[in-house]
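# Coordinate inspection notes
Spelled out from the first residue to the last, the chains are:
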Amino acid sequence: MLTFDDLELRRAVIGASADLGALRDRLRQRAQPVLDRMPPVPAVKALLSRDGGVCPVDGTALAFDPWSPDEHRCPNCGQQFTGERHHAHWAHAQHLWLAERAAHLAALHAITGEAALATRARQLLAAYYDLYFALPNRDNVLGPTHLFFSTYLESIWILDYLAAAYLLRETGQLDDNDLARIDAIADEAATIISEFNEGLSNRQTWNSAALTAIATWFGDEELAVHAIEGRTGLMGHLGAGFGDDGLWYEGENYHLFAMRGLLIGLTWAQTAGAESIADKAVRQHLGIALMAPAETALPDRTFPARKDARFGVSLAHPAYIESWEAGLAMLGTEHSPRLSRWLHALYDVPPVEEQTYDCYLHDAGLPLPPRSRAELSWWALLTMTPALPDDDAAWQPTSTLMAEQELAIIHSPSSYLSLECGNDESGGHGHPDRLHLTLIADGVRWLVDPGTGSYVTHDLFWYRSTLAHNAPRLNGQDQSAGTDCRPLAFEAGPEWSWVCAVWGDVQRRVVHGPAWTLDLVTMASAGTHELELPVHLAGSLAIRGEPAWSGDALASEFVTDVVSTPLDTAAPVAVDATCGERTLTAWFAGDGILLRAEGPGRPDETERRPFLVRRVTGSQVTFATLFDRSSTVTGFSIGPNGATILSGDTATMVATTDHDCIISSGNTRTILRGAIAPPLALASLRERPPVTRGQALSIETLPPLDGSLHGFDCQAPLRLNDEHHYHRSELPYPGTDRFAATAWVNWCEDELLVAVDVRKHDLVMPPVDAPPLLLDNEPEDINADGVQIYSGVPGHPRFGWLIRPLPDGTLAMRAITGPSAAPPRGAWQATSHGYRITVALPAAGIRAVHENQGIAFDLFVNEMYPDRQRRAGQLIWSHGPGWVYLRGDRHALAAYGELAVVP
């Protein structure tokens, strides 16, 4: 933000700059509708739900119109829809838009002195003096908040709200009553946001930025030091979140979000007098972080949909452009050549479809503007350089290995290839897609990462599966957490490039040349495994030779129409993928079978799509695939010494090892090496708690499982009876007398026997046929009293079950993770202090588990009350205090506790 003296200087800079003057005038034009009439202010708390803001006809997101609180248009079918859920969804964006408009008007007033701008900005602030406190801090998804359902949204809102207030205060437009009411809101927001510290998280950058703004508003030096210099403050996130390669650990999507929050926080920090950004090392690292998404960008200037990223999102979105503009202004000329070339390239991107973006609603409800510096927001007016440096050189991406992300990227004039490695340290946003291959050629996304669609629809679990990616899976299971994948070699040359990486017993070697790409996936294992390799090609697929298909199956609830055909090592199968006028031919060589199936399309598609899967069972396996990008390949074969590719009369031979690749054609020989040393262990702000341990005791006779403890050996209780086990939504732990649990785990034959005794009154037990809540991607039964039990026997699939009492005395039992299995058996009964559940869960292989090996186990106890929409909290056996959040059925194996199997 700018002080009174800074504003004097900025007015002069804007007056002398054609770009800034045009932006000022355009912002004034855009402000007129808000001056003409007071926008509607939602009197409700925002709600995250599956049906709010979604067209009930075709599932399209309804358009956000800040002037239409009750009627919401579907941009696809054109129909208008009304209802409380749609209104509460609209309120989410509207609260943010109103704060943004207040900042917009206050900034314009600070530059132009026009009184009407300050008057309306002040009215927008005053609209929340009482409303902010009237909206309840409850039924939240991710941390406490009054206006929204997650704390980070509160942080985004208060940043704009205080920006408006600060600028109005600096220009003398607020009276004592205004200041007192704004002080009260800022103080409450500081309490809420400080309470919810997410550690190393993209959202925490916004929380830290908000606390920096609040500290600046109050002149609170202690809070400023904590928010800026603290371990989870702005500098902590710059140092630990943006790695040595500059890329945010959760991927490009969250990189861009975190970067905007960080930069806004740094502008507040400069106003507060912080000197961190003056440090040379800090500036150097910020410059690397600013450029990281440009280095990984796809040829069409979208970012890769890795991890939980959205698919096909343009990097030329104004919110992203503003971050690079702010970074350029903050860093000055030392980073200007490459950064300014990148900005010039983005301004050349044609306008893209508008996307509602929580931290940038400047274009909401308006026709899509052309890309230019004059079409940015109020923040750019106060921060942007007067002119973008001219540079005759065009932006040119370079092939690179992002060291900490362990992401290999190969650029050529007509193609883009990447291979994903790394670990599962992705803040809950990682996918089981190690060794995923992306291939783009001649403008066609032939093989891509689908990213993630909506967090509140069931297909989220498809996009978070291995089968949805071009990545190997073993034994019909998603890749498990805790197994790293790392590159062994990478070298990019002017004509030929290659990358070799390993995940467990599986290696992938990719050789990328001018006309084709060779993909070799091998497995060398001591035991026998089923290895599958999905291949999701774009366009229509035509398999040459019309092979004979027979019915088959794939382990996924999302897949249908599965058929297979055997592969012949001597006669590779060729599949032509056609997209518009472009064709790519995939040649499949090797043993095993080729499957064809249908699954969900990419998140930007509504139709299901066919895809292919390689499958073979063995201990020594090779899958060889040749992607012919130029339609010149006439033959392809593999042998013990490598692969041979025929193009007319020319034969090219490729031989690879772990650390080198030799490409021979006639008298020409190219050798690629680029061996990579194992990475050093990376520091993390997320300290992992020690593994929680207990015992599963053997009993000879199955208990009656009638809700009593009869027949159970109760010598080794698992206790969940204090705040250290409690994850909450808003309120702290209610106390042992109100909510606690004790569990006992036995085993007999091939079953795990669990008794859970819960202390809680006012049980919430919706009938099994109750109308669905449609709140998010959680199972409906999560918002009721009951338990979640997770178990995993080594060498066998792990299971998760959601089990809750029903009013008729039975149990509702729902599988929430793992493949389908025989359901648990059991019952519940009321007790004087709450209820008790006793169940038997399938546990194949438990008799073979040694006591010193143990089994993975975890227990959640959900807490619900009659006057709530969402659960109030949950007790979790395996780890310490925290916050409930939108997790669906995700519970990472690394977070489980462990039970010793006592014979």
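It should be emphasised that the depicted structure is a prediction, and the values quoted were computed from it without experimental measurement.

When helices and strands are tallied, the chain shows 16 helices and 38 strands. Put simply, the chain has 903 residues, and 57% of those count as buried. Of the contacts formed within the chain by residues at least 6 apart in sequence, a portion of 68% connects residues at least 24 apart. Roughly 34,200 Å² of accessible area belongs to the chain as shown, and the carbon and sulfur atoms make up 51% of that amount. Separation between the mean location of the 67 positive side-chain charges and that of the 111 negative ones in the chain comes to 1 Å.

The strand order across the open sheet built from five strands is 3-4-5-6-7, with neighbouring strands paired in antiparallel fashion. Of all the strands in the sheet, the pair left with one neighbour each is strand 3 (400-402) and strand 7 (444-447). Along the sheet, successive strands turn relative to each other by an average axial angle of 15°, direction set aside. Sheet topology note: the strand 6 (residues 437-441)/strand 7 ladder contains three bridges and is antiparallel. In the sheet register, L439 faces strand 7, and the bridge partner there is L447. Along the sheet, helix 12 (residues 280-296) makes contact with strand 3, strand 4 (407-412) and strand 5 (415-420), crossing strand 4 at roughly 60°.

Strand order in the open sheet made by the five strands is 20-21-22-23-24, with antiparallel pairing throughout. Two strands bound the open sheet, and with one partner strand each, they are strand 20 (635-639) and strand 24 (668-672). For this sheet the average axis-to-axis angle between neighbouring strands, irrespective of direction, equals 15°. In this sheet, strand 23 (residues 661-665) lies alongside strand 22 (residues 650-656) in antiparallel orientation, the contact comprising five bridges. What sits directly across from M653, in strand 23, is S664.

Grouped together as the largest cluster of nonpolar side chains are 150 residues, with contacts concentrated most on W157, Y161, L162, L286, W324 and W342. Aside from chain neighbours lying at most four places away, what touches W157 is H95, L96, A99, Y128, Y132, L147, F148 and I185. Core analysis: the next-biggest nonpolar cluster, separate from the first, contains 40 residues, C485, L533, I543 and V616 among them.

Another point: the side chain of T385. As for its position among the elements, T385 is in the loop between helix 15 (378-383) and strand 3. Classification of T385 by relative accessible area gives buried; the value is 17%. With near-sequence residues (within four places) excluded, T385 lies in contact with L20, E325, L328, A329 and R373.

For the rest of this paragraph, the subject is the pairing of strand 18 (residues 593-599). In terms of strand pairing, strand 15 (residues 560-566) meets strand 18 through five bridges, oriented antiparallel. Counterpart to T565 in the pairing with strand 18 is L594. In terms of strand pairing, strand 18 meets strand 19 (residues 609-628) through seven bridges, oriented antiparallel. Residue pairing across strands places L594 opposite R614, the latter belonging to strand 19.

What follows concerns the packing of aromatic side chains. This model, assessed by the stated rule, comprises 24 aromatic pairs. Aromatic side chains W462 and F611 sit 6.0 Å apart centroid to centroid with 55° between the ring planes, which places their arrangement in the tilted category. With W462 in helix 16 (residues 460-463) and F611 in strand 19, this residue pair connects regions lying 149 residues apart in the sequence. Pair check on accessibility: W462 and F611 agree, each one buried. Taken together, the ring pairs in this structure connect Y128, Y132, F133, W157 and Y161 into an aromatic cluster. Over the face of the ring belonging to W549 we find R596, whose NZ or CZ atom lies 4.6 Å from the ring centre.

What follows concerns the layout of surface pockets. Approximately 500 Å³ is the volume attributed to the second largest pocket. In this structure, the second largest pocket is lined by 29 residues; those nearest its centre are H411, S412, P413, S414 and S415. With three residues, strand 4 is the largest single contributor of residues to the lining of the second largest pocket. Here the residues of the lining of the second largest pocket sort into 13 nonpolar, 12 polar and four charged.

For the structure shown, the criterion picks out 40 salt bridges. Measuring nitrogen to oxygen at the nearest pair gives 2.7 Å for the salt bridge that ties E780 to R50. With E780 in the loop between strand 29 (751-759) and strand 30 (786-792) and R50 in the loop between helix 2 (18-36) and strand 1 (72-73), the pair connects residues that are 730 residues apart, well separated along the chain. A salt bridge links E898 to R693; its shortest N-O distance comes to 3.6 Å. Note that E898 is positioned in strand 38 (residues 897-902) and R693 in strand 25 (residues 693-698), a separation of 205 residues in sequence. According to the relative accessible area criterion, R693 is exposed, its value standing at 57%. Among the ionic contacts, a cluster of salt bridges with common partners joins R138, D139, E730, D867 and R868.

With that settled, the discussion passes to the packing of helix 8 (residues 202-218) against helix 9 (residues 221-229). Closest axis-to-axis distance for the helix 8/helix 9 pair is 8 Å, and the angle between their directions is 155°. It follows from the interaxial angle that helix 8 and helix 9 lie roughly antiparallel. Read as a crossing pair, helix 8 and helix 9 show a hand that is left-handed. Residues S208, L211, T212, I214 and A215 of helix 8 lie in contact with helix 9, whose contacting residues are L223, A224, A227 and I228.

This brings us to unusual backbone geometry. Note: most peptide bonds trans; most residues except glycine with negative phi. One non-glycine residue, D139, lies in the positive phi region at around 55°. For D139, the location among the structural elements is in the loop between helix 5 (131-134) and helix 6 (151-170). Backbone geometry places E749, a non-glycine residue, at a positive phi of 55°. Inspection of the secondary structure assignment puts E749 in the loop between strand 28 (740-748) and strand 29.

This brings us to helix 11 (residues 252-271). A rise of 1.5 Å per residue sets the reference length of helix 11, with its 20 residues, at 28 Å; its end C-alpha atoms lie 29 Å apart and thus fit the reference within 8%. Burial analysis of helix 11 places 19 of its 20 residues in the buried class, the great majority of the element. Of the residues trailing helix 11, G273 is marked for its positive phi of about 90°.

Residue position: P794 is located in the loop between strand 30 and strand 31 (799-805). Overall, the relative accessible area of 36% leaves P794 in the partly exposed class. Note: C-alpha distance between P794 and P293 (501 residues apart in sequence) is 39 Å. When neighbours within four sequence positions are excluded, P794 is seen to be in contact with V849, Q853, G854 and I855.

Looking at the chain as a whole, its pLDDT mean stands at 91, while 96% of the residues score no less than 70. Ignoring residues within four places in sequence, the model shows residues 681-687, a span with pLDDT below 50, making 13 contacts including any to other chains.

A few words now on the environment of L108. Locating L108 in the fold gives a position in helix 3 (residues 84-112). In this structure the C-alpha to C-alpha distance between L108 and A31, which are 77 residues apart in sequence, comes to 8.9 Å. Residues in contact with L108, not counting those within four places in the same chain, are R24, L27, R28, A31, G113, L117 and L381.

If you walk through the whole model with that rule in mind, you get zero disulfides. The closest cysteine sulfur to the non-disulfide-bonded C55 is located on C74, 3.6 Å from its own sulfur. For C55, a relative accessible area of 2% gives the class buried.

A word on the pairing of strand 33 (residues 825-831). It is a general feature of regular strands that their side chains alternate between the two faces of the sheet. Bridge count for strand 33 against strand 34 (residues 834-842) is seven bridges, and the pairing is antiparallel. Bridging from a neighbouring strand, Q829 pairs with R836 of strand 34. Between the end of strand 33 and the start of strand 34, which pair antiparallel, lie two residues.

With that out of the way, let us pick up the side chain of H431. Among the structural elements, H431 can be located in the loop between strand 5 and strand 6. On the basis of relative accessibility, which here comes to 7%, the residue H431 falls in the buried class. Within the structure, the side chain of H431 is placed 3.1 Å from the side chain of T452, a separation counted as a polar contact. Side-chain polar atoms of H431 contact the backbone oxygen of Y463, separated by 3.2 Å. Excluding anything up to four places from it in sequence, H431 contacts K307, D308, G451, T452, Y463, R464 and H469.

Basis of the calculations
Once a new chain begins, its residue numbering starts again from 1 and follows that chain's sequence as written. Under the rules for a predicted model, residues below a pLDDT of 70 receive no local features and side-chain atom pairs below 80 are neither given nor counted, while totals for whole chains, interfaces and linings still include all residues. Note that the side-chain values use all heavy atoms of the structure and ignore hydrogens as well as water. Secondary structure elements follow DSSP: runs of H or I no shorter than four residues count as helices, runs of E no shorter than two count as strands, and numbering proceeds from the N terminus. The cut-offs for exposure are 20% and 50% of the maximum accessible area for each residue type, with area from a 1.4 Å probe on protein chains only; residues under the lower value are buried, those over the upper are exposed, and the others partly exposed. Whether two residues are in contact is decided by their heavy atoms: any pair within 4.5 Å suffices. The accessible surface values rely on the Shrake-Rupley method and a 1.4 Å probe; as for residues, cover is taken only from the protein chains in view. Positive charge is attributed to Lys and Arg, negative charge to Asp and Glu, and no charge count is given to His or to the chain ends. Taken as the charge location is NZ of Lys, CZ of Arg, CG of Asp or CD of Glu. Being paired, for any two strands, means DSSP has found at least two bridges between them. Think of each axis as a best-fit line through the C-alpha atoms, taken over the contacting stretch in the case of a helix, with angles from 0 to 180 degrees between the N-to-C directions. Nonpolar cores are built from buried Ala, Val, Leu, Ile, Met, Phe, Trp, Tyr and Cys residues. Side-chain atoms within 4.5 Å join them into one set. A pair of aromatic rings is counted whenever rings of Phe, Tyr or Trp (Trp by its six-membered ring) have centres within 6.5 Å, and the orientation is called stacked for planes under 30 degrees apart, edge-to-face for over 60 and tilted otherwise. Whether a charge sits over a ring comes down to the Lys NZ or Arg CZ being within 6 Å of the ring centre and within 35 degrees of the ring normal. Grid points spaced at 1 Å and placed over the protein atoms alone form the basis of the search, with a cavity being a set where a 1.4 Å probe fits but cannot get out and a pocket an open set showing protein on both sides within 12 Å along at least five of seven lines. Lining residues have an atom within 4 Å of a point. Grid points are joined across faces, edges and corners, and a volume is the space filled by probe spheres set on the points. Asp, Glu, Lys and Arg are counted as charged, while Ala, Val, Leu, Ile, Met, Phe, Trp, Tyr, Cys and Pro are counted as nonpolar; the rest, among them Gly, fall into the polar class. The salt bridge criterion pairs a side-chain nitrogen of Lys or Arg with a carboxyl oxygen of Asp or Glu, the two atoms within 4 Å. For classification, angles of less than 35 degrees are called roughly parallel, those exceeding 145 degrees roughly antiparallel, those between 65 and 115 degrees roughly perpendicular, and all remaining angles oblique. Left-handed describes a crossing whose near helix is turned anticlockwise from the far helix by less than a right angle; the clockwise case is right-handed. Multiply 1.5 Å by the residue count of a helix minus one, and that product is the helix's expected span. Every residue is assigned a pLDDT by the predictor, reflecting its confidence on a scale from 0 to 100. Cysteine sulfur pairs qualify as disulfides if the two atoms are within 2.5 Å. Contacts described as polar in this section are N or O atom pairs within 3.5 Å, which, within protein, must combine one atom able to donate a hydrogen with one able to accept it, while residues neighboring in sequence count only if both atoms come from side chains.

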